[in-house]
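# Observations on the model geometry
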Amino acid sequence: MKILIAVQKLLDFVSVRSDNPDLLKAQYRAFTRQMPMMYFILLSSTWALAITHMQLAPLWLTVGVPVVLTVGCTLRMAFWWRTRGIDPRPEVALAALRRTNRLAAGIALAFTLWSFLLVPHGDAYTQSHVAFYMAITVISCIFCLMYVRSAAFLVAVIVNGAFIIFFMASRQPTFIAIAINVLLVCAGMMSILLTNYRNFERMVLSQQRTEALSNENLLLANMDSLTGLPNRRAFFAHLAAELEKAENNGTRLALGVIDLDGFKPVNDLYGHSVGDRLLISVSKRLTANLKASKAFRLGGDEFAIVAPIIPDDRQLVANANAISEALRAPYHMPEGTVHVSASMGIAVFPHLASTLEQLFDRADYALYHAKKNRRGDAVLFDAEHEKQINIEARIEHLLKQSEMKNELSVVFQPIVDIRDGKTAGFEALARWHSPVLGHVPPAQFFGIAERAGIVGSLTRPLLRMALASASTWDPSLRLSFNLSAQDLNSHEGVLSLIGIIETSSFDARRLDLEITETAFAHDFEQVRQSVDMLRHLGCGISLDDFGTGYSSLTRLHALPLTKIKIDRSFVTDLHEKPASYKIVKSLLALSRDMELECVVEGVETSAELATLKGLGATLVQGYIYAPPLREWDVAAFLSQQTREKRA
């Protein structure tokens with residue numbers, strides 16, 4: 001058994017390894033650079049030896065054999081010269097190295113035999129030349145063959161074995177000494193060769209490990225660890241490549257950006273583990289409904305689709321809506337059945353989007369419109385959206401002008417207690433009259449300011465104006481003022497608001513600051529801390545547009561609220577809409593149970609007012625009492641109300 005193992009090890013040692021493709025290719029590349037040099041050394045030494053024996057040995061031995069050997073070596077030299085820059089396939093490298101192994105043995109035998117045939121011809125000098133030729137040539141060949149260990153070993157054994165036996169048998173002390181010397185040198189050479197080969201193997205294996213680690217890191221850097229989809233980084237790289245391809249081929253490219261509707265309530269109600277499993281399920285459904293397109297997770301509950309093969313716009317939107325429909329189907333979890341929908345914004349290259357930045361921004365803009373107007377559906381960016389972008393860009397530019405605050409003004413809408421018809425306070429509403437654009441609706445310019453991150457530059461001057469006006473009112477009247485989510489998102493921003501309130505002559509305890517549920521979508525902990533600071537100052541906190549968002553019921557207990565405001569969308573014709581009636585009734589009951597004041601917005605008709613009285617509402621505001629009033633009209637409104645009450 002030990003003999004068989006030893007034989008197998010020897011066979012492995014003298015054969016080319018085939019279990020590592022990268023090692024084969026590295027051997028091949030290193031080998032091709034050295035083989036031409038080996039053949040050049042071999043041929044130059046051969047002809048030098050042949051010339052010294054030209055007058056002593058037969059012509060066939062000094063010319064004929066070297067010519068044959070030269071032709072064979074030249075062909076091999078030409079082959080290796082041609083292939084020196086090639087990066088071969090592993091099977092090609094293996095075949096070439098195995099062929100080299102066989103040829104090495106054959107060439108070694110041929111040159112050794114030719115050398116021995118020359119020994120009988122000539123004197124001691126020429127015989128010494130033969131010995132020198134064989135010793136030096138084999139050393140050179142071993143060095144050149146060092147990256148193919150088996151070939152170097154075969155050449156060393158064949159040439160040196162024959163050399164040592166031949167010259168030891170000559171019984172000439174000089175040749176015996178040369179043979180022993182060559183044996184020792186070759187033994188040292190083989191030891192060096194094996195060490196270098198092991199180092200070469202280790203270097204290749206180290207490169208393999210480094211490359212594998214690099215590939216793994218690259219994969220991790222470009223893959224979303226939760227869903228297994230390519231991530232945001234991979235998305236932009238892929239989009240850039242597909243965009244370049246579409247531009248070169250003159251084809252269209254579609255980008256869809258998806259945002260889940262109702263995902264945050266799932267996290268709030270069931271916890272993040274369920275939210276994570278929901279995202280995994282969404283990603284599986286998304287990929288299952290794609291063919292030539294590719295899906296990505298951009299982060300949070302936002303996904304993207306890059307579609308390089310797209311139909312006409314009508315069919316494109318239909319396909320996108322089919323994907324949204326698939327994502328809208330219920331998700332059955334152990335904790336319960338979860339419902340979400342998916343809004344999608346689509347932009348198409350080159351139509352209205354010629355660069356990567358434009359394509360992404362316009363898909364995102366279309367998504368914004370989908371979530372605002374057609375939640376759960378797909379919206380294709382079109383010429384009307386482009387026109388709107390230009391308008392909004394102009395508005396944003398004007399909002400950033402230093403004289404902007406001089407163009408702002410505040411109006412006040414009364415909040416009336418319907419039990420006695422007395423005004424309880426006013427809500428301050430912003431107005432902007434631009435010399436360039438004329439009157440710009442607050443919903444429009446505040447939305448743009450929020451997206452541009454400059455809403456604080458509007459909030460601060462408007463709050464100063466509102467407080468300055470309200471400071472002249474009767475102490476019984478309260479002031480309501482709207483804050484943006486961005487106003488609460490930083491410690492510095494809240495301190496700035498507190499500074500404005502404290503330096504005004506208006507009592508903070510008469511101030512109600514209104515926040516919307518969009519604030520919850522940001523850093524909730526920071527929002528909570530900001531609200532706590534404002535409550536500590538004495539301000540009331542109202543939750544505006546209550547019932548229109550997702551987070552109200554789950555976040556209601558987390559904030560120190562003093563008041564809620566029912567959105568006008570539930571109030572319009574509530575006496576004719578059973579669903580609206582039930583919602584308002586439930587919200588009023590909830591506010592009473594939580595001991596919170598409740599303001600009903602948008603009351604416009606006597607029928608709506610009568611229904612609200614029947615439901616037990618107390619505070620209302622709307623056009624049934626008055627539209628938003630200018631500062632100088634507030635006193636007149638209060639006087640008129642007093643006269644009507646006396647009458």
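Before any of the text, the structure's been laid out above.
Presented here is a report on the structure given in the accompanying data block. (Residues numbered from 1 in each chain as written. Predicted model: local features only at pLDDT ≥ 70, side-chain atom pairs only at ≥ 80, totals over all residues. Heavy atoms only, no water.)

### Some points on the environment of Thr-503
- Mapped onto the fold, Thr-503 is located in helix α16 (residues 491-503).
- Relative accessible area serves as the criterion here: at 69%, Thr-503 is assigned to the exposed category.
- Sequence separation between Thr-503 and Arg-464 is 39 residues, and the spatial gap between their C-alpha atoms is 9.5 Å.
- Within the structure, the side chain of Thr-503 is placed 2.8 Å from the backbone oxygen of Gly-499, a separation counted as a polar contact.
- For Thr-503, the side chain forms a polar contact with the main-chain oxygen of Ile-500, separated by 3.2 Å. (Helix = DSSP H or I, 4+ residues; strand = E, 2+ residues; numbered from the N terminus. Buried < 20%, exposed > 50% of the residue type's maximum accessible area, 1.4 Å probe, protein only. Polar contact = N/O pair within 3.5 Å; in protein donor to acceptor, adjacent residues only side chain to side chain.)

### Quick look at the nonpolar core
- Within the largest apolar cluster, 71 residues are counted, with the highest numbers of intra-cluster contacts made by Leu-399 and Leu-479.
- Per-element tally for this core: the top contributor is helix α15 (residues 456-470), with six residues.
- Ignoring any residue separated from it by four or fewer positions in sequence, one finds Leu-399 in contact with Met-404, Trp-432, Phe-445, Ile-448, Ala-449, Ile-454 and Leu-458.
- Counting 54 residues, the second largest nonpolar core, distinct from the first, contains Ala-152, Val-155, Phe-175 and Val-182. (Core = buried A, V, L, I, M, F, W, Y, C linked by side-chain atoms within 4.5 Å. Contact = heavy atoms within 4.5 Å.)

### Comments concerning helix α14 (residues 442-452)
- Buried within α14 we find Phe-445, Gly-447, Ile-448 and Ala-449.
- Once α14 finishes, Gly-453 follows within two positions and takes phi at roughly 75°, a positive value.

### Some words on a nonpolar patch on the surface
- Side chains of Trp-60, Leu-113 and Leu-117 sit close together on the surface and give an oily, nonpolar patch of about 330 Å² of accessible area.
- Relative to the assigned elements, Trp-60 resides in helix α3 (residues 59-82).
- Given a relative accessible area of 53%, Trp-60 falls into the exposed group. (Patch = residues over 30% accessible without salt bridge, like charges linked within 9 Å, V, L, I, M, F, W, Y side chains within 5 Å. Areas by Shrake-Rupley, 256 points an atom, 1.4 Å probe, with all protein chains shown as cover. Salt bridge = Lys/Arg side-chain N within 4 Å of Asp/Glu carboxyl O.)

### A word on the packing of helix α13 (residues 383-399) against α14
- Closest axis-to-axis distance for the α13/α14 pair is 10 Å, and the angle between their directions is 75°. Here α14 runs roughly perpendicular to α13, going by the angle between their axes. In this structure, α13 uses Gln-388, Ile-391, Glu-392, Ile-395, Glu-396 and Leu-399 to contact α14, whose residues at the interface are Gln-444, Phe-445, Ile-448, Ala-449, Arg-451 and Ala-452.
- Its residues assigned to classes, the contact of α13 with α14 shows seven nonpolar, two polar and three charged. (Axes fitted to C-alpha atoms, helices over the stretch in contact; angles between N-to-C directions. Parallel < 35°, antiparallel > 145°, perpendicular 65-115°, else oblique. Nonpolar A, V, L, I, M, F, W, Y, C, P; charged D, E, K, R; others polar.)

### Some points on the packing of aromatic side chains
- Taken as a whole and assessed by the stated rule, the structure comprises 11 aromatic pairs.
- On the basis of an interplanar angle of 75° and a centroid distance of 6.3 Å, the ring pair of Phe-426 and Phe-637 is categorised as edge-to-face. Of the two residues, Phe-426 sits in strand β9 (residues 422-434) while Phe-637 sits in helix α21 (residues 631-646), which places them 211 residues apart along the sequence.
- Its relative accessible area of 15% is what places Phe-637 among the buried residues.
- In this structure an aromatic cluster arises from ring pairing among Phe-235, Phe-236, Phe-296 and Phe-360.
- Across from the ring centre of Tyr-331, 3.6 Å away, lies the NZ or CZ of Arg-285, which sits over that ring. (Phe/Tyr/Trp six-rings, centres within 6.5 Å; stacked < 30°, edge-to-face > 60°. Lys NZ or Arg CZ within 6 Å of the ring centre and 35° of its normal.)

### Let's talk about unusual backbone geometry
- With an omega of 5°, the peptide bond between Phe-349 and Pro-350 qualifies as cis.
- Among the structural elements, Pro-350 can be located in the loop between β6 (341-349) and α12 (356-373).
- With a phi angle near 65°, Leu-352 is a residue other than glycine that sits in the positive phi range.
- Along the chain, the position of Leu-352 falls in the loop between β6 and α12.

### Some words on the pairing of strand β13 (residues 540-546)
- Taking burial as the measure, the seven residues of β13 include six buried ones, the bulk of the element.
- With four bridges joining them, strand β12 (residues 511-515) and β13 adopt parallel strand pairing. Within the sheet, the bridge partner assigned to Leu-513 lies in β13 and is Ile-541.
- Sheet analysis places β13 next to strand β14 (residues 563-566), joined by three bridges and oriented parallel. Counted as the bridge partner of Phe-546 is Ile-566 from β14. (Pairing = 2+ DSSP bridges.)

### Digging into the sheet that holds strand β3 (residues 302-307)
- Spatial strand order, β2-β3-β1-β6-β7: five strands in an open sheet with mixed pairing. Edge positions in the sheet fall to β2 (294-299) and β7 (378-380), since each has one partner strand and no second. On average, each strand axis in the sheet is tilted by 20° relative to the strand beside it, whichever way the strands run.
- As judged from the nine bridges shared by strand β1 (residues 253-261) and β6, these two strands associate in the antiparallel manner.

### What to know about the pattern of salt bridges
- All chains considered together, the criterion is met by 23 salt bridges.
- Measuring nitrogen to oxygen at the nearest pair gives 3.5 Å for the salt bridge that ties Lys-245 to Glu-242. Of this pair, Lys-245 and Glu-242 are both found in helix α8 (residues 232-249), three residues apart, which corresponds to roughly one turn of the helix.
- Among the residues examined, Glu-242 registers a relative accessible area of 12% and is labelled buried.
- Between Asp-261 and Lys-371 there is a salt bridge whose closest N-O contact spans 2.5 Å. With Asp-261 in strand β1 and Lys-371 in helix α12, this residue pair connects regions lying 110 residues apart in the sequence.

### Quick look at the side chain of Glu-407
- With respect to the helices and strands, Glu-407 occurs in the loop between α13 and β8 (408-417).
- Arg-394 provides the closest opposite charge to the buried, unpaired Glu-407, separated from it by 11 Å.
- For Glu-407, the contacting residues outside a window of four places in its chain are Arg-431, Trp-432, His-433, Ser-434 and Pro-435. (Lys, Arg positive; Asp, Glu negative; His and termini not counted.)

### With respect to the pairing of strand β15 (residues 597-600)
- In the sheet, β14 pairs with β15 via four bridges, with the strands oriented parallel. Each residue of the ladder has a partner; that of Ile-564, found in β15, is Cys-598.
- At this point the chain moves from β14, through helix α19 (residues 578-593), to the parallel β15, and the crossover so formed is right-handed.
- Bridge count between β15 and strand β16 (residues 619-620): two bridges; the pairing is parallel. If you follow Val-599 over to β16, its bridge partner there is Leu-619.
- Handedness of the crossover is the feature at issue here: the chain leaves β15, passes through helix α20 (residues 606-615), returns alongside β16, and the resulting connection is right-handed. (Right-handed = clockwise from strand over helix to strand, strands pointing away.)

### What about the environment of Gly-456?
- Summarising the element assignment, Gly-456 is placed in helix α15.
- Of the residues examined, Gly-456 reaches a relative accessible area of 15% and is grouped as buried.
- Separated by 334 residues in the primary sequence, Gly-456 and Gly-122 place their C-alpha atoms 105 Å from one another.
- Once you skip the residues sitting within four places of it in the chain, Gly-456 turns out to touch Pro-461 and Asp-487.

### Considerations on the packing of helix α10 (residues 272-288) against helix α11 (residues 313-328)
- Interaxial distance between α10 and α11 falls to 10 Å at its minimum, and their mutual angle equals 145°. Between α10 and α11 the crossing geometry is right-handed. Mapping the contact onto sequence places Val-282, Arg-285 and Leu-286 in α10 and Ile-323, Ala-326 and Leu-327 in α11.
- Grouping the amino acids of the contact of α10 with α11 by side-chain chemistry returns five nonpolar, no polar and one charged. (Left-handed = near helix turned anticlockwise from the far one by under 90°.)

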